[in-house]
Amino acid sequence: MAVESEHLDTLAIHAGQAPDPVSGAVMTPIVLASTFAQDGPGVHKGFEYARTGNPTRQTLERCIAALEGGAHGVAFGSGCAAMTTLLHTLRPGDHVVASDDVYGGSFRILDKVMRPLGIETTQVDMTDPENVARAMRDTTRMLWVETPTNPMLKLVDIAKVAAIGRARGATVVVDNTFATPMLQRPLALGAHAVLHSTTKYLNGHSDVVGGVVVTSEDALAERLRFLQNAIGAVPSPFDCYLVLRGLKTLPVRMERHVKSAGAIAEWLEAQPNVARVIYPGLSSHPQRALAERQMAGPGGMISFVVRGGLPAARALLATVRVFCCAESLGGVESLIEHPAIMTHGSVPADARAALGIDDGLIRISVGLEALEDLRADLAAALAAAARA
Ligand code: P1T
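Each chain carries its own residue numbering, running from 1 in the direction its sequence is written. Local features in a predicted model are, by the rule used here, given only for residues with pLDDT of at least 70; side-chain atom pairs are given and counted only at 80 or more, and totals for whole chains, interfaces and linings are based on all residues. Computation of side-chain values covers all heavy atoms of the structure but excludes hydrogens and water.

Student: Quick one: what's the story with the site of the ligand, residue by residue and with numbers?
Tutor: By convention in these notes, a residue is near a molecule or strand provided one of its non-hydrogen atoms lies within 4 Å of it. In the region of the ligand, 18 residues are neighbours, and D175, T199, K200, S328 and R363 sit closest. In protein, a polar contact requires one atom able to donate a hydrogen and another able to accept it; more generally it is a pair of N or O atoms within 3.5 Å, and residues adjacent in sequence count only if both atoms are side-chain atoms. Take C80: an N or O atom from its main chain is 2.9 Å from an oxygen atom of the ligand. For the ligand, whose unbound accessible area comes to 480 Å², protein coverage reaches 93%. Domain boundaries shown here were taken from an automatic or database domain assignment. Per-domain counts for the shell around the ligand show at least three residues from each of domain 1 (8–247) and domain 2 (250–387). To be clear on the numbers: accessible area is Shrake-Rupley with a 1.4 Å probe, and residue cover counts the displayed protein chains and nothing else.

Below is the structure:
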């Protein structure tokens, strides 16, 4: 029997997991078999073929579902695979309303994969829920909410937007990658489904690409399971094991990410060649009150604008030593990147400009290194940027 608890710290370690009945192993075994013996056609122990179901994957799905407070978890080979599969619950002619500021790859799926299939998306600034209400059509079947958004860290009032979607019969999806279930529980606020790129905080060690969808809607879960098997964008058992392993320390990692990010955001605000710092925990963030209401902490991601445009940004990124210049986020190591060129290069230049993703914008994922080392690294990099 798996341990039951109302506490996420306990669920992160035990949910969906019991010692292996065969060996007593306390860690979930990595089951690599691609197929499972049947006593007779259709007579089996719950597993047939590993695209359809795998014990290691099932354990991961149950653990993340428990953390999000959902009944069903469905795992995929990447966050993008999770998103694309979820969007395949729609039909040609259906309409999506999405946050205007989303991960560049999410925009690319909506614009370059789904639109040609007849599924149109309208992107709006969801910081004002009225914009969502105005964009709704009779054919709107899904709301795609990212909060905090990537990379501008705008917040969306999940309860308000979910109420708008529910009143019109649209499926409300929240990409909870930046917040994690430790800081934000969208299902409890009215969302139908939560999506994660498990590549990020849930795994936490920058050695897996994966994704998951959690929902308590039985019909949606059944359709997702069908599509998971039919489309086949599934994660490997080894990757599922690594995410399960990473999840065990998610609660303590998030505590430290939030603590260090808060200190760095305040410090950045005091630096003369930093024009603007965006972090939902700062009093300068226009939605700090919503962050306090909706989130258990403002997260580990910070965006800021360095004075001096692209030359300054390039000098900064070339100087860091503790921060690593790389795409992605949510790992134990601190990462730094330039959204306009890197993660959001697939967003058209005019849309980037409208959102404020300009040449001086830098995004950092604050890792678990000593705060003093992180600050000293940024101080040296900002000094180099000032000389550029
Ligand atoms: O990379 P993948 O596992 O496919 O996840 C895509 C994805 C989905 N949603 C959000 C909010 C994301 O940030 C991402 C991936 N983002 C990055 C790689 C990045 O550096 O922002």
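Student: Hey, could you go over the environment of V74 for me, with residue numbers and the actual values?
Tutor: Structurally, the position occupied by V74 is in strand β1 (residues 72–76). The exposure class assigned to V74 is buried, which follows from its relative accessible area of 0%. The spacing of V74 and T139 is 65 residues in sequence and 26 Å in space, taken between C-alpha atoms. Filtering out sequence-adjacent residues up to four positions away, V74 remains in contact with E61, G211, V212, V213, L224, R225 and Q228. Under the scheme used here, helices are H or I runs from DSSP no shorter than 4 residues and strands are E runs no shorter than 2 residues, and both carry numbers assigned from the N terminus. Relative accessible area decides the class of each residue, using a 1.4 Å probe on protein chains only: under 20% of the type maximum gives buried, over 50% gives exposed, and in between gives partly exposed. Should any heavy atoms of two residues lie within 4.5 Å, those residues are counted as being in contact.

Student: Break down the pattern of salt bridges for me, with residues and values.
Tutor: Only one rule defines a salt bridge in this text: a Lys or Arg side-chain nitrogen within 4 Å of an Asp or Glu carboxyl oxygen. In the structure shown here, the tally under the stated rule is 12 salt bridges. The closest approach of N and O atoms between D111 and K112, which form a salt bridge, is 3.0 Å. Residue class for D111 comes out buried when judged on its relative accessible area of 19%. Assessed through its relative accessible area of 56%, K112 is described here as exposed. Two residues, D157 and K160, come together in a salt bridge whose shortest N-O distance is 3.9 Å. Salt bridges linked by common partners bring R57, E61 and R225 together as one network.

Student: Which residues make up the domain arrangement of the protein chain, and what are the values?
Tutor: Split by domain assignment, the protein chain resolves into domain 1 (8–247) and domain 2 (250–387). Here domain 1 and domain 2 have C-alpha centroids that lie 26 Å from each other. At the junction of the two partners, domain 1 supplies 42 residues and domain 2 supplies 42 residues. Summed over both partners, the accessible surface that disappears when two parts come together, traced with a 1.4 Å probe, is what is meant by buried area. Considering only the surface of domain 1 that becomes buried against domain 2, M152, L183 and Y201 emerge as the three largest contributors, covering 25% of it. At the junction of domain 1 with domain 2, the criterion picks out 1 salt bridge. Two residues, R293 and D157, come together in a salt bridge whose shortest N-O distance is 3.2 Å. In this assembly, domain 1 and domain 2 are joined by 19 residue pairs in polar contact (both at pLDDT 80 or more). Only α1 (8–14), α4 (104–114), α6 (158–167), α7 (180–183) and α9 (237–247) provide two or more residues apiece to the side of domain 1 that touches domain 2. Classification convention: Asp, Glu, Lys, Arg as charged; Ala, Val, Leu, Ile, Met, Phe, Trp, Tyr, Cys, Pro as nonpolar; all other residues, Gly among them, as polar. Tallied by class, residues from the side of domain 1 that touches domain 2 come to 22 nonpolar, 13 polar and 7 charged.

Student: Can you lay out the nonpolar core for me, pointing to particular residues and giving the numbers?
Tutor: Residues enter a nonpolar core if they are buried and are Ala, Val, Leu, Ile, Met, Phe, Trp, Tyr or Cys, with the set joined through side-chain atoms within 4.5 Å. L268, I302, F304 and I364 are the most contacted members of the largest nonpolar core, which has 72 residues in total. Element by element, the count of residues in this core is highest for helix α10 (residues 250–269), at 8 residues. For this core, the two domains that each supply at least three residues are domain 1 (8–247) and domain 2 (250–387). Not counting chain neighbours up to four residues away, the residues in contact with I364 comprise I264, L268, G300, M301, I302, F304, F323, L335, I336 and L378.

Student: Which residues make up unusual backbone geometry, and what values do they have?
Tutor: Here the residue pair T147 and P148 is connected by a cis peptide bond, since its omega of -10° sits within 30 degrees of zero. You can see P148 is positioned in the loop between β4 (140–146) and α6. Cis geometry marks the peptide bond from N150 to P151, where omega comes out at 10°. Notably, T180 is not glycine yet its phi reads approximately 65°, a positive angle. Within the secondary structure, T180 is located in helix α7. Of note, the phi angle at S328 is positive, near 90°, even though the residue is not glycine. Locating S328 in the fold gives a position in the loop between β10 (324–325) and β11 (335–337). According to the relative accessible area criterion, S328 is partly exposed, its value standing at 25%.

Student: Describe the pairing of strand β5 (residues 171–175), with residues and values.
Tutor: Of all 5 residues that make up β5, 4 are buried, and the element is covered over most of its length. The sheet contact formed by β4 and β5 spans 5 bridges and is parallel. The residue bridging W144 from the neighbouring strand is V173, located in β5. The pairing criterion is simple: DSSP has to find at least two bridges between the two strands.

Student: Could you give me a rundown of the packing of aromatic side chains, with the residues and numbers involved?
Tutor: Each Phe, Tyr or Trp ring (for Trp, its six-membered ring) is paired with any other whose centre lies within 6.5 Å, and the angle between the two planes then decides the class: stacked below 30 degrees, edge-to-face above 60, tilted in between. Applying the stated rule across the entire model yields 2 aromatic pairs. Between F36 and F47, the ring centres sit 5.6 Å apart and the planes meet at 40°, which makes this aromatic pair tilted. Separated by 11 residues along the polypeptide, F36 in the loop between α1 and α2 (55–68) and F47 in the loop between α1 and α2 bring together distant segments of the chain. The same class applies to F36 and to F47, which are both buried.

Student: Could you give an account of the packing of α2 against α9, with specific residues and numbers?
Tutor: Their axes nearest at 8 Å, the elements α2 and α9 cross at an angle of 35°. Considering only the axes of α2 and α9, their crossing is left-handed. Note on element contacts: α9 touches α2 through P237, C240, Y241, V243, L244 and L247, opposite T56, R57, T59, L60, C63, I64 and L67. Its residues placed into classes, the contact of α2 with α9 shows 10 nonpolar, 2 polar and 1 charged. Interaxial angles span 0 to 180 degrees and are taken between N-to-C directions of axes, which are lines fitted to C-alpha atoms, for helices over the stretch in contact. The crossing is said to be left-handed when, going from far helix to near helix, the turn is anticlockwise and less than a right angle, and right-handed when the turn is clockwise.

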